[in-house]
Amino acid sequence: MATMTPLAPVPAGSALKPVPGDTGLPLIGNTLPMMRDPVTTLRQRYDRFGPVSWTHLFGLKMVQMLGPDANQFVLMNRGDLFSNHQGWSYFIGPFFHRGIMLLDFEEHRWHRRIMQQAFQREALRGYLQRMAPRTEEGLSHWSEGPIKLLPALKQLTLDLATDVFMGRELGDQTDRINRAFIDTVRAGTSLIRFPVPGLGWSKGLRGRRVLERLFMDDIAAKRAAPDSDLFSMLCQARTEDGHEFSDEDVVSHMIFLMMAAHDTTTITLCTLLYHLAREPQWQQRLREESLALGKPWVEHEDLDKLSGIGMAMKEALRLCAPVPSMPRRTVKDVEYDGFYIPAGTFINIAPFFTHSMEEYWPDPERFDPERFSDARREDRVHPYAWVPFGGGAHKCIGLHFAEMQVKSVLHQMLLRFRWAVPDGYEMPLDTRSLPVPADGLPVTLERL
């Protein structure tokens, strides 16, 4: 076991404590165990050091701030102690440059005010109307028998995102654009963080260029002839005093939002469908809820009626947070829980770990959507115990879109198919980047 050493000396005369921690292995620190099994690794650190500790990760000295109290302290960010930009940019800055999650303070608030227009109620209603027939079309190509859900869902959600967000189809570009998104997402956790041809960092940079061209080629037409898609909304959005996005900012926001709209939704749907396959009684309960709706497609006014799907979705997000960790960097000296964290320190909070803490979630590994029922509401044990969408000023701007998309897709799947996995099957997770089924999630579909 590595020797415990403090993060940094405490200023003279301070009553604060130095953050404890260790270096981990030479050169790579604790990077590999954190990528392979983040929950177990963070549990071991929590039990050994408590909620605050440091180690070496991805070439950085990084402080882990664990648990709901830490989530609240960091995400609320009172006093502007933490920079999103300086935290995320080290990992994904070259690939998601100036996405909304990578902006800070007043600039972030300004961009969010403009972007919010694209996520208002009437805009969401329009997106759902576009989404339903495309979902039906996509699912019509699925056939009975064995299927790997990860690539099938990723294709479906990318098709939905390009239609709803861009107002068009990708056609023969689909595979290339899908590859570009995969490469940009995975590049952020590359161990070799410079562009060696054929390695992850280089692939990510190439993917970013592909995506920039995709959106820049269409931007003039979107400004000239607006439509109801999100791309048009961002091109036309203006504040009351006339401010609008530059072409470059529209492109950056579209790349980030497209990634979030199909990658994170794919992860949520994979987790949800996996557990519904293992728990056929829950699958049938949700099917009966959808049958009772009496409609082949979900409309906006139906969303609140699908309460069972809503609970199951929340439980899926708890069991596998699509964004497992959220890095920041301190821009001022920070005092937390009696510890001293100096300015310029990389820190990280971990929804993936918080959601598995038995201190807050009874039997945390069990799929139990009733946790979120009105009678139980286990998520209310702490306001930041369930944080798949973050919180504070940077809370996910598309959270209502995500819920709408999951309900729309799952409703149609429940009416069309029954699905199962073999007895005893457990979905292996690839947690090297965003968490996805390592085996593609094989299931057997039965058409109803």
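Computed from a predicted structure; not experimentally measured.

Things to note about helix H12 (residues 247–278)
Structurally, the α-helix is built with 3.6 residues per turn, so residues lying three or four positions apart point the same way.
For step 1, the next point in the chain: For H12, which comprises 32 residues, the first-to-last C-alpha distance of 46 Å matches the rise-based estimate of 46 Å (1.5 Å per residue) to within 8%.
For step 2, the next point in the chain: Counted residue by residue, H12 has 28 buried out of 32 residues, so it is predominantly covered.

Regarding the pattern of salt bridges
For step 1, the next point in the chain: Taken as a whole and judged by the stated rule, the model has 31 salt bridges.
For step 2, the next point in the chain: The salt bridge involving Arg 43 is made with Glu 359; its shortest N-O contact spans 2.7 Å. Taken together, the residues span a long stretch of sequence, with Arg 43 in helix H2 (residues 38–49) and Glu 359 in the loop between helix H15 (351–354) and helix H16 (399–416) at a distance of 316 residues.
For step 3, the next point in the chain: For Glu 359, a relative accessible area of 40% translates into the label partly exposed.
For step 4, the next point in the chain: Put simply, Glu 446 and Arg 418 hold a salt bridge, and the shortest N to O gap is 3.6 Å. Of this pair, Glu 446 sits in strand S13 (residues 442–447) while Arg 418 sits in strand S10 (residues 417–420), and the two are 28 residues apart along the sequence.

Considerations on the sheet that holds S13
For step 1, the next point in the chain: Across the sheet, which stays open at both edges, the 3 strands sit in the order S5-S13-S10 with antiparallel pairing between neighbours. The sheet is open, and its two edges are formed by strand S5 (145–148) and S10, each paired on a single side. Across the sheet, the axes of successive neighbouring strands diverge by a mean angle of 40°, strand direction being ignored.
For step 2, the next point in the chain: Relative to S13, S5 is paired through 4 bridges, and the arrangement is antiparallel. Counted as the bridge partner of Ile 147 is Val 443 from S13.

Observations concerning a positive patch on the surface
For step 1, the next point in the chain: Residues Arg 176, Arg 186, Lys 203, Arg 206, Arg 209 and Arg 213 make up a contiguous surface patch of positive charge.
For step 2, the next point in the chain: Elements with a minimum of two residues in the positive patch: helix H8 (174–187) and helix H9 (200–216).
For step 3, the next point in the chain: In terms of residues, the positive patch owes the most to one element, H9, which gives 4 residues.
For step 4, the next point in the chain: Along the chain, Arg 213 turns up in helix H9.

Thoughts on the sheet that holds strand S6 (residues 326–330)
For step 1, the next point in the chain: Strand order in the open sheet formed by 5 strands is S2-S3-S9-S6-S4, and the pairing between neighbours is mixed. Edge strands, defined here as strands with exactly one partner in the open sheet, are strand S2 (52–57) and strand S4 (82–83).
For step 2, the next point in the chain: Pairing geometry for S6 and strand S9 (residues 346–349), over 4 bridges, is antiparallel. Residue pairing for S9: Met 326 is matched across the bridge by Ile 349.

Focus on the nonpolar core
For step 1, the next point in the chain: Ranked by internal contacts, the top residues of the largest apolar core, which has 141 residues, are Trp 142, Met 254, Phe 401 and Trp 419.
For step 2, the next point in the chain: With near-sequence residues (within four places) excluded, Trp 142 lies in contact with Ile 147, Leu 149, Ala 152, Leu 153, Met 413, Phe 417, Leu 445 and Arg 447.

Describing the state of the cysteines
For step 1, the next point in the chain: Tallied over the entire structure, the rule returns 0 disulfides.
For step 2, the next point in the chain: Here Cys 320 is not disulfide-linked; the sulfur of Cys 270 is the nearest cysteine sulfur, at 9.0 Å.

So, the UniProt feature "binding site: heme" (unreviewed entry) in the chain
For step 1, the next point in the chain: Under the UniProt annotation, "binding site: heme" (unreviewed entry) lies at Cys 396.
For step 2, the next point in the chain: Considering the arrangement of structural elements, one finds Cys 396 in the loop between H15 and H16.
For step 3, the next point in the chain: Each residue touching Cys 396, except ones within four places of it in the same chain, is listed here: Arg 112 and Phe 389.

Here we look at the packing of H12 against helix H13 (residues 280–293)
For step 1, the next point in the chain: Axis separation between H12 and H13 bottoms out at 5 Å; the angle between their running directions is 110°. It follows from the interaxial angle that H12 and H13 lie roughly perpendicular. For the pair H12 and H13, contact is made by Leu 276, Ala 277 and Arg 278 and by Pro 280, Trp 282, Gln 283 and Leu 286, respectively.
For step 2, the next point in the chain: A class-by-class count of the residues in the contact of H12 with H13 yields 5 nonpolar, 1 polar and 1 charged.

Quick word on the packing of aromatic side chains
For step 1, the next point in the chain: Tallied over the full model, the rule gives 17 aromatic pairs.
For step 2, the next point in the chain: Each ring, one from Phe 73 and one from Phe 82, has its centre 5.9 Å from the other, and the planes form 80°; the classification is edge-to-face.
For step 3, the next point in the chain: Relative accessible area serves as the criterion here: at 26%, Phe 73 is assigned to the partly exposed category.
For step 4, the next point in the chain: Overall, the relative accessible area of 1% leaves Phe 82 in the buried class.

The rules behind these values
- Position numbers for residues count from 1 along each chain, tracking the sequence in the order it is written.
- Predicted model: local features are reported for residues with pLDDT of at least 70 only, side-chain atom pairs are reported and counted for 80 or more only, and whole-chain, interface and lining totals are derived from all residues.
- Each side-chain value is worked out from all heavy atoms of the structure, with water and hydrogens disregarded.
- Helix and strand definitions follow DSSP, with helices as H or I runs of at least four residues and strands as E runs of at least two, each counted in order from the N terminus.
- Multiply 1.5 Å by the residue count of a helix minus one, and that product is the helix's expected span.
- Remark: exposure states derive from per-residue accessible area (1.4 Å probe, protein chains only) relative to the maximum for the residue type, with buried under 20%, exposed over 50%, and partly exposed in between.
- Any Lys or Arg side-chain nitrogen located within 4 Å of an Asp or Glu carboxyl oxygen qualifies as a salt bridge.
- Any two strands are treated as partners once DSSP identifies two or more bridges connecting them.
- Geometry is summarised by axes, namely lines fitted to C-alpha atoms with helices restricted to the contacting stretch, and by angles between N-to-C directions that run from 0 to 180 degrees.
- For patches, a residue must show more than 30% relative accessible area and have no salt bridge; joins then use 9 Å for like charges and 5 Å for nonpolar side chains, namely Val, Leu, Ile, Met, Phe, Trp and Tyr.
- Only the protein chains shown count as cover for residues, with accessible areas throughout obtained via the Shrake-Rupley method and a probe of 1.4 Å.
- Only four residue types enter the charge count: Lys and Arg as positive, Asp and Glu as negative, with His and the chain ends excluded.
- Lys charges are placed at NZ, Arg charges at CZ, Asp charges at CG and Glu charges at CD.
- By nonpolar core we mean a set of buried residues, namely Ala, Val, Leu, Ile, Met, Phe, Trp, Tyr and Cys, connected to one another through side-chain atoms within 4.5 Å.
- The contact rule is simple, with two residues in contact once any of their heavy atoms fall within 4.5 Å.
- Cysteine sulfur atoms that pair up within 2.5 Å are treated as a disulfide.
- UniProt positions are given in the numbering used here, feature names are shortened, and annotations may be inferred rather than shown by experiment.
- Small angles under 35 degrees read as roughly parallel and large ones over 145 as roughly antiparallel, with 65 to 115 read as roughly perpendicular and the rest as oblique.
- When residues are grouped by polarity, Ala, Val, Leu, Ile, Met, Phe, Trp, Tyr, Cys and Pro land in nonpolar, Asp, Glu, Lys and Arg in charged, and all others, Gly among them, in polar.
- For Phe, Tyr and Trp, where Trp contributes only its six-membered ring, two rings pair if their centres lie within 6.5 Å, and the inter-plane angle classes them as stacked under 30 degrees, edge-to-face over 60, or tilted in between.

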